[in-house]
Amino acid sequence: MTDDVSKKISVGPSGKFDGSGLSVKKRTTKNILLATALENFYGAAEEMGLDEGLVEILSHAERAISVSLPITMDDGSIRVFEGYRVQHSTALGPAKGGLRFHPDVSLEECEALASLMTWKCSLAGIPYGGGKGGISCDPLELSSNEKERLTRTFAARIAPIVGEWEDVPAPDVNTGAPEMVWFMDTVSKLRGRFEPGIVTGKPISIWGSKGRTAATGLGVATCIKELLNAVKLDVNKSRIIIQGFGNVGSYAAKFMSEAGAKIVGISDVTGGYYAPDGIDVAKAFDHISNHPKKMLEGFSQAGLKHVSGEEILEAEADVLAPCALEGAVNASNAAKLKVKYIVEGANGPVTPEADEALLSNGIKVVPDFLANSGGVIGSYFEWVQNLAGYFWTEEEYNNRLVPIMKDNFHRVWNYAATQDVVMRRAAFLVAIKRVADAVKMRGLFL
Ligand code: GLU
């Protein structure tokens, strides 16, 4: 990510509201994700005429903690890792958001992502605030036993601030069902009572939910289908590129190919795989399931070209769904993109500078906190089932998820059209309003 964050950011089509008209003292930071989150918030706050006290409140996280995590490594040595949990807002309900394991995880990154969760849950209409956490580590260098010790130590250290009515973590980058079980088990043992609703994304056998694994990808695919409908592009004639073939991207590709779209490109850390006549997604899916590290490395089929990860982003298609990490579409490649639409499966995959370049090239972006909200909506379903101790079928789960995604897509699509703003700005305006109203009604503590 090379973009200059000090450059003025505008996400409205006219660039009229970039937060410069606010008289509050604006927070500044060198962390690109937090700078982007704040700029997006300030711009939308100015545009909606948000009370400046509320601008102050919502531009700060309610709680942010750092913990040190001493772990005995498999070779007997001791290493200390850094862990974080940030609760941006609990105005609408308990904080909700994932835990990521990645070398770039920092307190500021967690704050940015926690605020994105606040807006995501608000926009989705679910009863949660926003949180995010993680551990700065390289999970590829850790054995399963080391990851277990790390997760359990982290759970013990943040146990005082989590709970089904306080803060409910979930999977995020490089975490999944095993980490969630270790987390839930550790807190349950510490409290001497079973605490299933303390995390979501658990395996089906241990109070998880049928449908949760595929939920984010199903939500992304639903947004792509609704977008194609809205712009009158036949799904059966559409060509899609999915960048990132992890949990989100692989399921988005699967649902889109089942719907009749041609998936012309996919990619992961092992590079890009391009097939103008369409990738056999079921085969790619099988390939990663059988690969020891769940990667596309070695995947082949007739007519497939192995290209670089960068080339896949710049290939010909109608829709690009970046489903990997933040900053994939940035100042250096935005002008080279050949797609007409971007649907953000990852959190923050398009930088603000790229947003501007895309806007001037007429490329529409469906923003992350709308497009990937299927994951947290699915988490909400799991939590509801945990609180009730009563489980739904996968069909019930999906039949509840898809209509919510469709409604949310159209609410933002229509609002963007009536307000004459880009979808990201429209989504912010809708999401901030619901949280701001809740803060106003609840008032300050003293
Ligand atoms: N990590 C996912 C996200 O960023 C899911 C969060 C959750 O389910 O709480 O939306």
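Worth saying up front: this structure is predicted, and the values here are computed from it rather than measured. (Residues numbered from 1 in each chain as written. Predicted model: local features only at pLDDT ≥ 70, side-chain atom pairs only at ≥ 80, totals over all residues. Heavy atoms only, no water.)

Draft legend 1. Spatial organisation of the overall build of the protein. Along its length, the protein carries 14 helices and twelve strands. For 446 residues, the compact-globule estimate of 2.2 N^0.38 gives 22 Å, and the C-alpha radius of gyration of the protein, at 21 Å, lies within 12% of that figure. Principal-axis analysis of the C-alpha atoms gives the protein an extent of 55 × 55 × 45 Å. For the protein, with 446 residues in total, the buried portion stands at 59%. (Helix = DSSP H or I, 4+ residues; strand = E, 2+ residues; numbered from the N terminus. Rg over C-alpha atoms; globule rule 2.2 N^0.38 Å. Buried < 20%, exposed > 50% of the residue type's maximum accessible area, 1.4 Å probe, protein only.)

Draft legend 2. Just the site of the ligand, in detail. Inspection of the region around the ligand gives 14 residues, with Lys 96, Lys 120, Pro 171, Asp 172 and Ser 379 positioned closest. Bound to the protein, the ligand loses 93% of the 290 Å² it would expose on its own. Contributing elements (two or more residues each) for the shell around the ligand: β3 (95-101), α3 (107-124), β5 (167-171) and α12 (374-388). (Near = heavy atom within 4 Å. Areas by Shrake-Rupley, 256 points an atom, 1.4 Å probe, with all protein chains shown as cover.)

Draft legend 3. The arrangement of the nonpolar core in detail. In terms of nonpolar packing, the biggest core is built from 93 residues, with Phe 41, Trp 119, Ile 224, Ile 242, Met 256, Ile 266 and Val 343 touching the most fellow members. When near neighbours in sequence (up to four residues on either side) are disregarded, Ile 224 contacts Ile 240, Met 256, Val 319, Ala 321 and Val 343. Phe 154, Ala 159, Val 162 and Met 180 belong to the second largest nonpolar core, which has 23 residues in total. (Core = buried A, V, L, I, M, F, W, Y, C linked by side-chain atoms within 4.5 Å. Contact = heavy atoms within 4.5 Å.)

Draft legend 4. Summary view of the pattern of salt bridges. This model, assessed by the stated rule, comprises 22 salt bridges. In this structure, the salt-bridge partner of Glu 195 is Arg 193, at a minimum N-O distance of 3.1 Å. The buried category is assigned to Glu 195, whose relative accessible area is 5%. Linked through salt bridges whose partners overlap, the residues forming this network are Arg 100, Glu 109, Lys 132, Asp 172 and Glu 326. (Salt bridge = Lys/Arg side-chain N within 4 Å of Asp/Glu carboxyl O.)

Draft legend 5. Here's a closer look at the environment of Ser 115. Structurally, Ser 115 can be placed in helix α3. Residue classification places Ser 115 among the buried residues on the basis of a relative accessible area of 10%. Along the backbone, Ser 115 and Gly 246 are 131 residues apart, and their C-alpha atoms lie at a distance of 24 Å. Those residues in contact with Ser 115 that sit more than four places away from it in its chain are Ala 37 and His 88. Side-chain polar atoms of Ser 115 contact the backbone oxygen of Ala 112, separated by 2.8 Å. (Polar contact = N/O pair within 3.5 Å; in protein donor to acceptor, adjacent residues only side chain to side chain.)

Draft legend 6. Structural detail: empty space enclosed by the protein. Counted according to the given criterion, the structure contains two cavities of 30 Å³ or more. Size it by volume and the largest cavity reaches roughly 270 Å³. Lining the largest cavity we find 24 residues, and of these Leu 33, Thr 36, Ala 37, Asn 40 and Gly 348 sit closest to its centre. In terms of residue class, the lining of the largest cavity is made up of 13 nonpolar, seven polar and four charged. Approximately 70 Å³ is the volume attributed to the second largest cavity. Considering the residues around the second largest cavity, the lining is formed by Arg 27, Leu 34, Ala 37, Leu 38, Phe 41, Leu 58, Ser 59, His 88, Glu 111, Ala 112, Ser 115 and Trp 119. Mapped onto the lining of the second largest cavity, the elements with two or more residues apiece are α1 (32-48) and α3. Taken together, the residues that form the lining of the second largest cavity break down as seven nonpolar, three polar and two charged. (1 Å grid on protein atoms, 1.4 Å probe; cavity = no way out; pocket = protein on both sides within 12 Å on 5 of 7 lines; lining within 4 Å. Points joined across faces, edges and corners; volume = space filled by probe spheres on them. Nonpolar A, V, L, I, M, F, W, Y, C, P; charged D, E, K, R; others polar.)

Draft legend 7. Looking closely at the sheet that holds strand β1 (residues 63-72). Pairing is mixed in the open sheet, where five strands are placed in the order β1-β2-β4-β3-β5. Two strands lie at the open edges of the sheet, namely β1 and β5, each paired on one side alone. Within this sheet the neighbouring strands show an average axis-to-axis angle of 20 degrees, counted without direction. Here β3 pairs with strand β4 (residues 129-136) via five bridges, running parallel. (Pairing = 2+ DSSP bridges. Axes fitted to C-alpha atoms, helices over the stretch in contact; angles between N-to-C directions.)

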